[in-house]
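So the chains spell out like this:
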Amino acid sequence: MSDPTPVIDDLREESEELDALVARLSPEEWRLTTPAPGWTIAHQIAHLAWTDRAARVAVTDEDGFRRLVEQALAAPDRYVDDGAEEGARQDPDALLAAWREGRAALDEALRESAPGARFPWYGPPMAAASMATARLMETWAHGLDIADTLGATRPPTDRLRHIARIGVRARDFAYAAHGLTPPAAPFRVELTGPAGDLWTYGPEDAAQRVTGPALDFCLLATQRAHRTDLALTAEGPDADRWLDLAQAFAGPPGAGRPPKGTAR
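Counting starts from 1 at the beginning of each chain's written sequence and moves along it residue by residue. Only residues with pLDDT of at least 70 are given local features in this predicted model, and only at 80 or more are side-chain atom pairs given and counted; all residues enter the totals for whole chains, interfaces and linings. The basis for every side-chain value is the complete set of heavy atoms in the structure, and neither hydrogens nor water enter the calculation.

Asks: Can you help me understand the pairing of strand 5 (residues 209-213) in this one?
Replies: Each regular strand shows side chains that alternate between the opposite faces of the sheet. Whether two strands pair comes down to DSSP finding at least two bridges between them. Numbering goes from the N terminus for both helices and strands, where a helix is a DSSP run of H or I of at least four residues and a strand is a run of E of at least two. With five bridges joining them, strand 3 (residues 188-192) and strand 5 adopt parallel strand pairing. Residue pairing in the sheet places Leu-191 in a bridge with Gly-212 of strand 5.

Here is the structure:
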């Protein structure tokens, strides 16, 4: 049984780092357009606040979460964007306060959850550690969009380990999301962390493998950079195909980012 405390702690740190980036923005800066088409910085934070609230409901109120799923099924093409749009219309101070309140409530709910409990989600049910990892992944990815918009640099940290792990574990899901049958054999994945240590996944003698910087793999798995702009190497045709499909998030495949130097 996995202790969720370390990843919950890392989620809190990731959120606080992003909070420090947006806390002093002017109202005009909150309306700046980010790399996500149609989304401003306010939309990005509103989406995080919306998803944190949904995660807390999933952890604390199964019937309430079932109603959220019904709402999503009623408008599958608009549900996420509508939630972000509604939140983005708030005054920035109110939006920031709502995000802080919601993520604090989720933090408490995850820490107080029963050991071994699993919670419903829009994909498969998740344990507390998996829920916190998914929230960390989204917080990091949307934080990248905001940092890119502001011209800010967010140095990579060892918190990427959680995102890399979920990206590797989501390999078969990525194939299935594209209507493809996943390879039967596991891959070897070797990633170099920000501190220079090696993070490894899969059997050492696997015939196919992916190697490169952990940051680049996380950028690929969250679709925040195009494969051609990353220093990832694949050995074997299936591993090479995976790098064209990889996604660490639930739901249908996204459009991803175009290569640098091309129009969005």
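Asks: Just to check I follow, could you spell out the pattern of salt bridges for this structure?
Replies: Proximity of charged atoms lets side chains of opposite charge pair with each other. For salt bridges, the criterion is a side-chain nitrogen of Lys or Arg within 4 Å of an Asp or Glu carboxyl oxygen. Taken as a whole and assessed by the stated rule, the structure comprises 25 salt bridges. The salt bridge involving Arg-78 is made with Asp-82; its shortest N-O contact spans 3.4 Å. Salt-bridge contacts for Arg-227 lead to Asp-240; the nearest nitrogen and oxygen are separated by 2.5 Å. Here Arg-227, found in the loop between helix 10 (214-221) and strand 6 (233-235), pairs with Asp-240, found in helix 11 (residues 237-245); they are 13 residues apart in sequence, far enough to count as distant. Look at Asp-240 and you get partly exposed, because its relative accessible area is 33%. Burial classes follow relative accessibility: with a 1.4 Å probe on protein chains only, a residue under 20% of its type's maximum area counts as buried, one over 50% as exposed, and anything between as partly exposed.

Asks: For this particular structure, what's the right way to read the sheet that holds strand 3?
Replies: Two pairing modes exist for strands in a sheet, parallel and antiparallel, and in both the strands are linked by backbone hydrogen bonds. As summarised here, the arrangement of the four strands in space is 4-3-5-6, forming an open sheet in which the pairing is mixed. Two strands lie at the open edges of the sheet, namely strand 4 (198-201) and strand 6, each paired on one side alone. With strand direction ignored, the average angle separating the axes of adjacent strands in the sheet is 10°. Residues are treated as being in contact if the distance between any of their heavy atoms lies within 4.5 Å. Each axis is a line fitted through C-alpha atoms, and for a helix only the stretch in contact is used; angles between axes span 0 to 180 degrees, taken between their N-to-C directions. Most of the contacts of helix 11 go to strand 6, to which it runs at about 145°, and overall it touches strand 3, strand 5 and strand 6.

Asks: Is there a simple way to think about helix 10 in this case?
Replies: Helical geometry note: an α-helix holds 3.6 residues per turn, so side chains three or four residues apart project in the same direction. Of all eight residues in helix 10, seven are buried; the element is thus mostly enclosed. For helix 10, every residue scored as buried is listed here: Ala-214, Asp-216, Phe-217, Cys-218, Leu-219, Leu-220 and Ala-221. Turning to helix 10, the residues buried within the fold contact helix 7 (128-150), helix 8 (160-169), strand 3, strand 4, strand 5 and helix 11. Backbone geometry just downstream of helix 10 places Gln-223 in the positive-phi region, at approximately 55°.

Asks: How should I be thinking about the side chain of Arg-135 in this particular structure?
Replies: Within the element layout of this structure, Arg-135 appears in helix 7. Between N or O atoms, a polar contact is any pair within 3.5 Å; within protein, one atom must be a potential hydrogen donor and the other a potential acceptor, and residues adjacent in sequence are included only when both atoms are from side chains. Side chain to side chain, Arg-135 and Asp-52 meet in a polar contact 2.8 Å long. Once you skip the residues sitting within four places of it in the chain, Arg-135 turns out to touch Leu-11, Leu-48, Thr-51, Asp-52, Ala-55 and Leu-106.

Asks: Help me understand the packing of helix 3 (residues 41-60) against helix 5 (residues 79-88) in this model?
Replies: Between helix 3 and helix 5, whose axes approach to 8 Å, the crossing angle comes to 110°. Classed by the angle they form, the pair helix 3 and helix 5 counts as roughly perpendicular. In the crossing of helix 3 with helix 5, the sense of the turn from one axis to the other is right-handed. Along its contact with helix 3, which presents Ala-42, His-43, Ala-46, His-47 and Trp-50, the element helix 5 presents Tyr-79, Val-80, Gly-83, Ala-84, Glu-85, Gly-87 and Ala-88. Throughout this entry, Asp, Glu, Lys and Arg are counted as charged residues, while Ala, Val, Leu, Ile, Met, Phe, Trp, Tyr, Cys and Pro are counted as nonpolar. The remaining residues, Gly among them, count as polar. The residue inventory of the contact of helix 3 with helix 5, partitioned by class, reads seven nonpolar, four polar and one charged. The scheme is simple: roughly parallel for angles under 35 degrees, roughly antiparallel for over 145, roughly perpendicular for 65 to 115, oblique for anything else. If you view the pair so one helix is near and one far, a crossing is left-handed when the near helix is turned anticlockwise from the far one by less than a right angle, and right-handed when it is turned clockwise.

Asks: Just checking my understanding: could you explain the packing of aromatic side chains for this structure?
Replies: Centre distance and the angle of the planes are the two values used to describe a pair of aromatic rings. Note on ring pairs: Phe, Tyr and Trp rings are taken, using the six-membered ring of Trp, and paired if centres are within 6.5 Å. Classes follow the plane angle, with under 30 degrees stacked, over 60 edge-to-face and the rest tilted. Scanning the entire structure with this criterion turns up seven aromatic pairs. Look at Trp-50 and Tyr-79: their rings are 5.2 Å apart centre to centre, the planes differ by 75°, and that puts the pair in the edge-to-face class. With Trp-50 in helix 3 and Tyr-79 in helix 5, the pair connects residues that are 29 residues apart, well separated along the chain. Taken individually, Trp-50 and Tyr-79 each receive the classification buried, so the pair is uniform in this respect. We call a charge positioned over a ring when the NZ of a Lys or the CZ of an Arg lies within 6 Å of the ring centre and within 35 degrees of the ring normal. Taking the ring centre of Trp-99 as reference, the NZ or CZ of Arg-103 above it sits at 4.3 Å. Its end group placed over the ring of Phe-187, Arg-171 keeps NZ or CZ at 4.4 Å from the ring centre.

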